[in-house]
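# A look at the structure
The primary structure of each chain is shown beneath.
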Amino acid sequence: MEFWSSFWNIIWYFISAFIFIAYLIALFSIITDLFRDRELSGGWKALWFVALIFISLPTALVYLIVRGKGMAERSRKNIEESTRAAEDYIRTVAQVSPSDEIAKAKSLLDAGTITAEEYEQLKRRALRAADATVSQP
């Protein structure tokens, strides 16, 4: 029970655990970046990876110093591509076609819920939206 007998041993244990977990997070980030980089040749990737396995801490520090800026740029680029892909997917799934909107408006007109003037407004709005989506790249 020597471990629990001293308050400072507990503090030292938590600090050591924090540093170890932070190092693991940095190591996995480096490995992810290493394989994400399309400009680095396979030989250099293998060399960095072997060095990370056998000389972990110094290699990780050198990698962060030498390639840290590129690491941040690749991460930002990956996030932007993912966000753009998600937004494009959401747009394609959530978009209602103009013909569906006109059909809904026509059924409302037939049911007597809206007037002929309101039907024409809804029809013009749907057609304007269709023209706007066609003209966008």
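Here the structure is a predicted model, which means the values were calculated and not measured.

## Points about the overall build of the protein
Across its full length, the protein holds 6 helices and 0 strands. Ordering the α and β elements of the protein from the N terminus gives α-α-α-α-α-α. Taken over C-alpha atoms, the radius of gyration comes to 29 Å for the protein, far larger than the 14 Å a tight globule of 137 residues would show. Structurally, the protein occupies a C-alpha span of about 85 × 50 × 20 Å along its principal axes. Relative to its full complement of 137 residues, the protein shows a buried share of 17%.

## Re the environment of Phe54
One can find Phe54 in helix 3 (residues 42-54). As for Phe54 and Arg125, which are separated by 71 residues in sequence, their C-alpha atoms are 65 Å apart.

## A few points about the nonpolar core
In this structure, Tyr23, Leu27, Ile30, Leu34, Leu40, Trp48, Leu52, Ala60, Tyr63 and Met71 together form the largest nonpolar core, which totals 10 residues. Looking at this core, the elements that each hand over two or more residues are helix 2 (7-36), helix 3 and helix 4 (56-94). At 4 residues, the largest contribution of residues to this core is made by helix 2. Excluding anything up to four places from it in sequence, Met71 contacts Ser29, Ile30, Asp33, Tyr63 and Leu64. In terms of nonpolar packing, the next biggest core, distinct from the first, is built from 5 residues, Ala105, Ile114, Tyr119 and Ala126 among them.

## Topic: the pattern of salt bridges
The full count for this structure, using the stated rule, is 5 salt bridges. Arg74 is the salt-bridge partner of Asp33, the closest N and O atoms lying 2.7 Å from each other. Here the residue Asp33 occupies a position in helix 2, and Arg74 occupies one in helix 4, the gap between them amounting to 41 residues. Arg74 sits in the buried class, given a relative accessible area of 17%. Notably, a salt bridge pairs Asp37 with Arg74, separated by 3.7 Å at the nearest N-O pair. One end of the pair, Asp37, is in the loop between helix 2 and helix 3; the other, Arg74, is in helix 4, and 37 residues separate them in sequence. Arg74 shares its class with Asp37; the two are buried. It is possible to trace a salt-bridge network through shared partners that takes in Asp33, Asp37, Arg67 and Arg74.

## Structural notes on the packing of helix 2 against helix 3
Where helix 2 meets helix 3, the closest approach of the two axes is 10 Å, and the angle between their N-to-C directions is 165°. With respect to helix 3, the element helix 2 is oriented roughly antiparallel. Handedness of the crossing formed by helix 2 with helix 3: left-handed. In this structure, helix 2 uses Leu27, Ile30, Ile31, Leu34 and Phe35 to contact helix 3, whose residues at the interface are Lys45, Trp48, Phe49 and Leu52. Class assignment for the residues of the contact of helix 2 with helix 3 results in 8 nonpolar, no polar and 1 charged.

So, how was this worked out
- Residues numbered from 1 in each chain as written.
- Predicted model: local features only at pLDDT ≥ 70, side-chain atom pairs only at ≥ 80, totals over all residues.
- Heavy atoms only, no water.
- Helix = DSSP H or I, 4+ residues; strand = E, 2+ residues; numbered from the N terminus.
- Rg over C-alpha atoms; globule rule 2.2 N^0.38 Å.
- Buried < 20%, exposed > 50% of the residue type's maximum accessible area, 1.4 Å probe, protein only.
- Core = buried A, V, L, I, M, F, W, Y, C linked by side-chain atoms within 4.5 Å.
- Contact = heavy atoms within 4.5 Å.
- Salt bridge = Lys/Arg side-chain N within 4 Å of Asp/Glu carboxyl O.
- Axes fitted to C-alpha atoms, helices over the stretch in contact; angles between N-to-C directions.
- Parallel < 35°, antiparallel > 145°, perpendicular 65-115°, else oblique.
- Left-handed = near helix turned anticlockwise from the far one by under 90°.
- Nonpolar A, V, L, I, M, F, W, Y, C, P; charged D, E, K, R; others polar.

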